[in-house]
Amino acid sequence: MAVDLSTVDTLQAALTYHRERHAVLAGNVANLDTPGYRPVDLERRNAGDPAALAMTQDGHVAGPATSDFVTSFDDGGALQGTDGNAVSLERELSKIDANRARYATSAELVSRRLALLRYAAGDGT
Amino acid sequence: MSTMDFFTAMEVSASGLSAERTRMNVAASNLANAQTTQAAGGGPYKRRDVVMQSVDVPGVQGTPFAQAVKGVAVSQISQDTAQPRLEYDPGHPQANAQGYVAYPNVNPVEEMVDMITASRAYEAGITTMTTAVNMAERALGIGR
Amino acid sequence: MSIAPITPPMSPELAGITGVTGIERPTAKPDLAGTFRAALEDAHGAEHRATDAAEQFARGDTGMGIHEVVIASEKANIAIRYATTLKNKALEAYRELMNTQV
């Protein structure tokens, strides 16, 4: 592409990750009282790895591959009762809020980047 | 990705709200009938309980990631089979030959606690769903 | 955007001299028409992708979420603007040229 949009693609991948993670965390909240339920979280494979990051920026990445996300069963926290449920509401809600903040920030960064590119493409108008 | 935008997350949250509301209704019913000595079908009211179970959410395709997204549903409303509470009251119209009246096996304190925890879980579900809506609105605002 | 290397002009007199290692002319020339054509193709492609994305989103296809469709739309927006700017520049240059008093 004549205009360099690779940063936007990386940010889009981040947005997708945070959206999917919200769905997983919402499931933990929904199963707050389900006997035997253990909370789950979503991780990015190679998150923060510069080599992997370089790979995703190269070429046209419309969205991350499913294999880029790994689920993890979160053993963190003691059992919350006698029914085997291990969900800590406070923990989940704080994760959800942090995730939301990251989604909002990525969205904002995309907007700013696009505005810059729009300016450049439109020659200042 | 294998979920349908934010709607999957919202369905998950909605299932939680539904389940917790059922739990609240059941606790309220137990409380209301705590003194019912003559329920439909004979005998004192039997305390009811909800059994919750994780369920798969529609719109999530069969990937390993999909296994992580779970909603919840009330799989059954069971009747408590514990023995009724007997109170000695020979003058009572429902007293048996020994002078005991059978009262429901409902502990009001327990039911109140259930209502409070269900309420707390319900509010958490609302917060979570609102967050999803919030994130979707931010996405819509990209480029504006 | 690539900038082609500058080649020194070869005057006819020098061209005939043998034994001098010729300086290779680069195959890619700075070329407004070529750049404009590429930008137009990009704009077409981006616009098709944006339209497809919008249709997928409207159908409720999995994998096409709000941020995907909004970003696709913005990318098309930028690509079209860029192509338009090049067109305007080319037109401007042409007009200036035509108005030059000889």
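Residues numbered from 1 in each chain as written. Chains lettered and ligands numbered in written order. Predicted model: local features only at pLDDT ≥ 70, side-chain atom pairs only at ≥ 80, totals over all residues.

S.K.: Please clarify how the overall build of chain C should be interpreted in this entry.
M.R.: Looking only at helices and strands, one finds 3 helices and 0 strands in chain C. For chain C, the α and β elements follow one another from N to C terminus as α-α-α. Residue burial in chain C is summarised as follows: out of 102 residues, 26% are buried. At a minimum sequence separation of 6, the contacts of chain C that also span at least 24 residues come to 57%. (Helix = DSSP H or I, 4+ residues; strand = E, 2+ residues; numbered from the N terminus. Buried ≥ 20, exposed ≤ 12 C-beta atoms within 10 Å, placed from the backbone. Contact = placed C-beta atoms within 7 Å.)

S.K.: Explain the packing of helix α1 (residues 6-30) of chain A against helix α3 (residues 66-98) of chain C to me, please; I cannot follow it from the model alone.
M.R.: Running from N to C, α1 of chain A and α3 of chain C point in directions that differ by 165°, and their axes come no closer than 10 Å. In terms of orientation, α1 of chain A lies roughly antiparallel with respect to α3 of chain C. For α1 of chain A against α3 of chain C, the interelement crossing comes out right-handed. Taken together, the residues of α3 of chain C that come into contact with α1 of chain A (itself represented by Val 8, Gln 12 and Leu 15 of chain A) are His 67, Glu 68 and Ile 71 of chain C. Partitioning the contact of α1 of chain A with α3 of chain C into residue classes produces 3 nonpolar, 2 polar and 1 charged. (Axes fitted to C-alpha atoms, helices over the stretch in contact; angles between N-to-C directions. Parallel < 35°, antiparallel > 145°, perpendicular 65-115°, else oblique. Left-handed = near helix turned anticlockwise from the far one by under 90°. Nonpolar A, V, L, I, M, F, W, Y, C, P; charged D, E, K, R; others polar.)

S.K.: Can you help me understand the interface of chain A and chain B in this one?
M.R.: Often, the extent of an interface is quoted as the loss of accessible area on bringing the components together. Taken together, the contacts link 32 residues of chain A with 34 residues of chain B. Among the secondary structure elements, those contributing two or more residues to the side of chain A that touches chain B are α1, β1 (40-44), β2 (69-73) and α3 (89-121) of chain A.

S.K.: Explanation requested: the interface of chain C and chain B in the structure shown.
M.R.: Taken together, the contacts link 9 residues of chain C with 12 residues of chain B. Residues that form the side of chain C that touches chain B fall into these classes: 3 nonpolar, 5 polar and 1 charged.

S.K.: What am I meant to see in helix α2 (residues 32-59) of chain C here?
M.R.: The periodicity of an α-helix, 3.6 residues per turn, causes residues three or four positions apart to be oriented the same way. Between its first and last C-alpha atoms α2 of chain C spans 40 Å; for 28 residues at 1.5 Å apiece the expected length is 40 Å, and the two agree. Considering only its buried residues, α2 of chain C is in contact with α3 of chain C. (Expected span 1.5 Å × (residues − 1).)

S.K.: I'm lost on the confidence of the model for chain A in this one. Help?
M.R.: The predicted coordinates should not be examined in detail at positions where pLDDT is low. Residues of chain A with pLDDT of at least 70 account for 70%, and the chain-wide mean is 78. Low pLDDT, under 50, characterises residues 49-66 of chain A; the stretch is placed with 22 contacts to residues that sit more than four places away or in other chains. (pLDDT = per-residue confidence, 0-100.)

S.K.: Any chance you could explain the environment of Pro 104 of chain B here in plain terms?
M.R.: Residues and elements named next belong to chain B. Positionally, Pro 104 belongs in the loop between β4 (100-103) and α2 (108-140). Note on Pro 104: 21 C-beta atoms within 10 Å, which makes it buried. For the pair Pro 104 and Thr 36, spaced 68 residues apart in sequence, the C-alpha separation works out to 6.6 Å. Each residue touching Pro 104, except ones within four places of it in the same chain, is listed here: Asn 33, Ala 34, Thr 36, Pro 44, Tyr 45, Lys 46, Arg 47 and Pro 84.

S.K.: Help me understand the confidence of the model for chain C, please; the structure alone is not making it clear to me.
M.R.: All names here are of chain C. Model confidence for chain C is summarised by a mean pLDDT of 80, while 73% of its residues fall at 70 or above. Mean pLDDT per element in chain C: helix α1 (residues 12-15) is the minimum at 54, and α3 is the maximum at 90. Both confidence scores are given for the complex: pTM 0.79, ipTM 0.88.

S.K.: Please explain the nonpolar core as it appears in this structure.
M.R.: What tends to happen in soluble globular proteins is that the nonpolar side chains get buried as a cluster. Membership of the largest hydrophobic core comes to 65 residues, with the highest contact counts inside it found for Ala 26 of chain A, Ala 132 of chain B together with Ala 79 of chain C. Elements that contribute at least two residues to this core include exactly α1 and α3 of chain A, α1 (5-32), β1 (48-56) and α2 of chain B together with α2 and α3 of chain C. (Core = buried A, V, L, I, M, F, W, Y, C linked by C-beta atoms within 7 Å.)

S.K.: I tried to follow the packing of α3 of chain A against α2 of chain B on my own but got confused; where do I start?
M.R.: Think of two packed helices as two axes; the pair is described by the angle between the axes and how far apart they sit. Across the interface, α3 of chain A lies against α2 of chain B with an axial gap of 9 Å and an inter-helix angle of 10°. Taken together, the axis directions place α3 of chain A and α2 of chain B in an arrangement best described as roughly parallel. When α3 of chain A is examined against α2 of chain B, the residues Leu 89, Leu 93, Ile 96, Arg 100, Tyr 103, Ala 104 and Ala 107 of chain A are found in contact with a partner set consisting of Ala 124, Thr 127, Thr 128, Thr 131, Asn 134, Met 135, Arg 138 and Ala 139 of chain B. Along the lines of polarity and charge, the residues of the contact of α3 of chain A with α2 of chain B split into 9 nonpolar, 4 polar and 2 charged.

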